[in-house]
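Coordinate analysis (summary)
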Amino acid sequence: MVDRDRRRFLASLSSLGVAAAAGVDLSALSSLFPIPSSLLEQTRPAASRIDVHHHFAPPAWIAEVKGRPLLQAANTRWTPEQSIDDMDRGGVAAAMVSVTNPGLWFGDREATRRVARACNDFGAKLVQDHAKRFGLFAAMPLPDVDATLAEIAYAYDQLKADGIGLFTSYGDTWLGNPAYRPVMEELNRRKAVVHVHPTAANCCRNLDYGVAPGTMEYGTDTTRAIIGVTFSGDAARFPGIRFIWSHAGGTAPFLAGRIDGGSRNAKDRMPNGFIAEAKKFYYDLAGAANTGAVASLKTLVPPTQILFGTDFPPGGTSLDLGKALSELGMFTESELRAINRENAVRLLPRLA
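Residues numbered from 1 in each chain as written. Predicted model: local features only at pLDDT ≥ 70, side-chain atom pairs only at ≥ 80, totals over all residues. Heavy atoms only, no water.

With that settled, consider the overall build of the protein chain. Helix and strand content of the protein chain: 17 helices and ten strands. Here the protein chain, with 352 residues, has 53% of them falling under the buried criterion. Put simply, of all contacts in the protein chain between residues at least 6 apart along the chain, 75% involve residues at least 24 apart. In the structure as shown, the protein chain presents an accessible area of about 15300 Å², 53% of it carried by carbon and sulfur atoms. (Helix = DSSP H or I, 4+ residues; strand = E, 2+ residues; numbered from the N terminus. Buried < 20%, exposed > 50% of the residue type's maximum accessible area, 1.4 Å probe, protein only. Contact = heavy atoms within 4.5 Å. Areas by Shrake-Rupley, 256 points an atom, 1.4 Å probe, with all protein chains shown as cover.)

Structure, rendered in structure tokens:
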């Protein structure tokens, strides 16, 4: 009886393509029924997506951040095999890796320089070993400007990194701070793709209002950084930098009209206003595949500025995010193709 039921089950999957259509994870079901590996491969999504928001955890980084606030346990258990398995299940052809919270800066400049270099060497080796599956957003030792300039040169000239990873803030200074202008000048000269990950600034990570900082502060800190980059004049001054903001830009798209009201006082730094500058940026959808976030983002930018991202490993699986985006019904098939792959390839042509 069991063998007959199993044959019927497999035949229905094979003939109807249920798994591919409905996002069923056959690998999980294989614990109940011994599903042939050939069928597993046939029903997995085609590997075409590019995940621009995907985290890795080099050993030197784990040693430095264990026990620190904002660290999520899922990141300490990361392995390359874990990433590749998730990518295969979710139809992700390539993922751009970057370090995540709690970041690299804890007040010790030498330690930050050392860990940034170790992360980048590890990331470059990961890309070398899996050139078609991974790209690297190199870690930077900000707020140490001189060390960051040296690490940009090392990342591009020696490691051939695909782009640069920054955080929204460092201590109590945000991107757009005049002290960071030499870094912006160099990133502009190199026409860098810069992925910006949120964190919780010193001011706001211990506020007691009932939830952890990641729930609200990350989105708010992203908005602060976007305001910093635009109202400081850096966005207009350095148009060669291609910024990617995480989590659909935090709260900035929803507040764009209100923020733009302050543009009248920044004409010398931002002649065309806030919204004109914000429309030039790119935004990933990690943690933002919901109606409210997408509606606000689509009001601000066209789908050509939106990118697929997962925040893996703590942010969920690529399979789940892909399914959520499709089920939203807010993008056409051609727009989904652009979001899943084409927009990222335009920014990072090596991944084509």
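Residues with a pLDDT of 70 or more make up 87% of the protein chain, whose mean pLDDT is 89. Low pLDDT (under 50) marks residues 12-33, which in the prediction has 28 contacts with non-local residues, meaning those over four places away or in another chain. Note on residues 37-43: pLDDT is under 50 here. Beyond four places in sequence and across chains, it has nine contacts. (pLDDT = per-residue confidence, 0-100.)

Before going further, it helps to examine the environment of Leu347. Structurally, the position occupied by Leu347 is in helix H17 (residues 333-347). Owing to a relative accessible area of 5%, Leu347 belongs among the buried residues under this scheme. Along the chain, Leu347 and Val193 lie 154 residues apart, while their C-alpha atoms are 7.2 Å from each other. Not counting the four nearest positions on each side in its chain, Leu347 is found in contact with Val193, Arg242, Ile244, Tyr282 and Leu307.

On to the environment of Ser169. Among the structural elements, Ser169 can be located in strand E5 (residues 169-170). Taking the C-alpha atoms as reference points, Ser169 and Pro198, 29 residues apart in sequence, are found 7.6 Å from one another. Residues within four places of Ser169 in sequence aside, it is in contact with Trp174, Thr199, Ala201 and Asp221. Reaching out from Ser169, the side chain makes a polar contact with the side chain of Asp221 at a distance of 2.7 Å. (Polar contact = N/O pair within 3.5 Å; in protein donor to acceptor, adjacent residues only side chain to side chain.)

This next bit is on the packing of helix H9 (residues 145-158) against helix H10 (residues 181-189). Where H9 contacts H10, the axes come no closer than 9 Å and their chain directions differ by 15°. Considering the angle they form, H9 stands roughly parallel to H10. In this structure, H9 meets H10 at a crossing whose hand is right-handed. Note on element contacts: H10 touches H9 through Pro182, Val183, Glu186 and Leu187, opposite Val145, Thr148, Leu149 and Ile152. Residues belonging to the contact of H9 with H10 are distributed by class as follows: six nonpolar, one polar and one charged. (Axes fitted to C-alpha atoms, helices over the stretch in contact; angles between N-to-C directions. Parallel < 35°, antiparallel > 145°, perpendicular 65-115°, else oblique. Left-handed = near helix turned anticlockwise from the far one by under 90°. Nonpolar A, V, L, I, M, F, W, Y, C, P; charged D, E, K, R; others polar.)

Side chains three or four residues apart in an α-helix point the same way, a direct result of the helix having 3.6 residues per turn. All of the buried residues along helix H7 (residues 80-90) are Pro80, Ser83, Ile84, Asp86, Met87 and Gly90. Each buried residue of H7 sits inside an arc of 165° when the element is viewed along its axis, so together they form one side. Tucked into the core, H7 has its buried residues touching strand E1 (49-55), strand E2 (92-98), helix H8 (109-129), strand E3 (134-139) and helix H16 (318-328). After H7 finishes, the residue Gly91 shows a positive phi value of roughly 70°. (Arc of directions from axis to C-beta.)

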